[in-house]
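Remarks on the overall topology
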Amino acid sequence: MARTRKKSVIEQGLLFAAPLTQESLTAGADEAGRGCLAGPVVAGAVIFPDGFDLMGLDDSKVLKAEERDRLAAEIRQLAVGWGIGLAWMDEIARINILQASLMAMTRAVAAMRVRMKAEGAVPARLLIDGTQIVPPLYFRKFGIPAPEQEAVVDGDALVPAISAASVLAKTFRDDLMVKLDARWPDYGFARHKGYGTKEHREALAKFGPCPLHRLDFHGVLPPKKQEQGRLC
């Protein structure tokens, strides 16, 4: 029987329907687009049942695009819960890219939590790729009890739920940048997705930045106008 899927928005987070009969409330979270010169940073959060793994699942960076697309569809179907969160350019400039990435992860968890309306259906534990955890204040902003957190170095290659979160974040962001390319076609966003490729930098030199660009990032503005980027 086909599952009924719904979608709604929490601030800048997207949530998607998932089965409500979960065996585990440990979520994995990861982001995509942190080092880009343009576009939002996007985070994914995924809950898998205990012991669950998915054939071919790995860090999104080592997968081919067609593999990521296949896995993303399977993750959305098989995960106990999943969510997507975004932080856009103005927020990145205001609080820095690290904090914006953590806020996007919070939105992804908040989106997933709202869909899982069963009593107690809040991830009790959050595993995050990297070395930083989310400030508890961010969860309180969304009315979520701060979960126990653990930062896992290379978690996107070691923990299936984090790998899945990286795949969802990457595929969502890539699709978004393809759509945004139609609005700003001079920069090649559909090809490089906002990363600092030679093509992208040459377009910046020719046309200057568009509203999608992160003006506080090194290389976006000409040197005499460029303030120190806050990539940390």
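Described below are features of the structure shown in this document. (Residues numbered from 1 in each chain as written. Predicted model: local features only at pLDDT ≥ 70, side-chain atom pairs only at ≥ 80, totals over all residues. Heavy atoms only, no water.)

**Let's talk about a negative patch on the surface**
On the surface, a cluster of negative charge is contributed by Glu-66, Glu-67, Asp-69 and Asp-175. Within the fold, Glu-67 resides in helix α1 (residues 65-78). (Patch = residues over 30% accessible without salt bridge, like charges linked within 9 Å, V, L, I, M, F, W, Y side chains within 5 Å. Areas by Shrake-Rupley, 256 points an atom, 1.4 Å probe, with all protein chains shown as cover. Salt bridge = Lys/Arg side-chain N within 4 Å of Asp/Glu carboxyl O. Lys, Arg positive; Asp, Glu negative; His and termini not counted. Charge placed at Lys NZ, Arg CZ, Asp CG, Glu CD. Helix = DSSP H or I, 4+ residues; strand = E, 2+ residues; numbered from the N terminus.)

**Remarks on the packing of aromatic side chains**
Centre-to-centre distance and the angle between the planes together describe a pair of aromatic rings. Evaluation of the coordinates by the stated rule reveals two aromatic pairs. Relative to Phe-189, the ring of Tyr-187 lies with its centre 5.5 Å away and its plane at 15°, an arrangement referred to as stacked. Summarising the burial analysis for this pair, Tyr-187 and Phe-189 share the class buried. Seen in terms of ring centroids, Tyr-187 and Phe-207 are 6.1 Å apart; in terms of plane orientation they differ by 65°. Their pairing is edge-to-face. Here Tyr-187 is found in the loop between α6 (160-183) and α7 (189-192), whereas its partner Phe-207 is found in helix α8 (residues 198-207), with 20 residues between them in sequence. Looking at Tyr-187, the relative accessible area reads 6%, which means it is buried. Classification of Phe-207 by relative accessible area gives partly exposed; the value is 39%. Three or more aromatic residues joined by ring pairs form one cluster here, namely Tyr-187, Phe-189 and Phe-207. (Phe/Tyr/Trp six-rings, centres within 6.5 Å; stacked < 30°, edge-to-face > 60°. Buried < 20%, exposed > 50% of the residue type's maximum accessible area, 1.4 Å probe, protein only.)

**Considering the pairing of strand β6 (residues 125-129)**
Within β6, four of the five residues are buried, which leaves it mostly tucked inside the rest of the structure. Examined bridge by bridge, strand β3 (residues 26-32) and β6 share four bridges and lie parallel to one another. Within the sheet, the bridge partner assigned to Thr-26 lies in β6 and is Arg-125. Sheet topology note: the β6/strand β7 (residues 148-152) ladder contains five bridges and is parallel. Looking at the pairing, Asp-129 lines up with Val-152 of β7. Crossover connection from β6 via helix α4 (residues 136-141) to parallel β7: handedness right-handed. (Pairing = 2+ DSSP bridges. Right-handed = clockwise from strand over helix to strand, strands pointing away.)

**Comments concerning unusual backbone geometry**
You will see that Asp-154, though not glycine, has its phi angle at about 60°, which is positive. Tracing the sequence through the fold places Asp-154 in the loop between β7 and α5 (155-158). Even without being a glycine, Lys-193 presents a positive backbone phi close to 60°. Along the chain, Lys-193 turns up in the loop between α7 and α8. Owing to a relative accessible area of 14%, Lys-193 belongs among the buried residues under this scheme.

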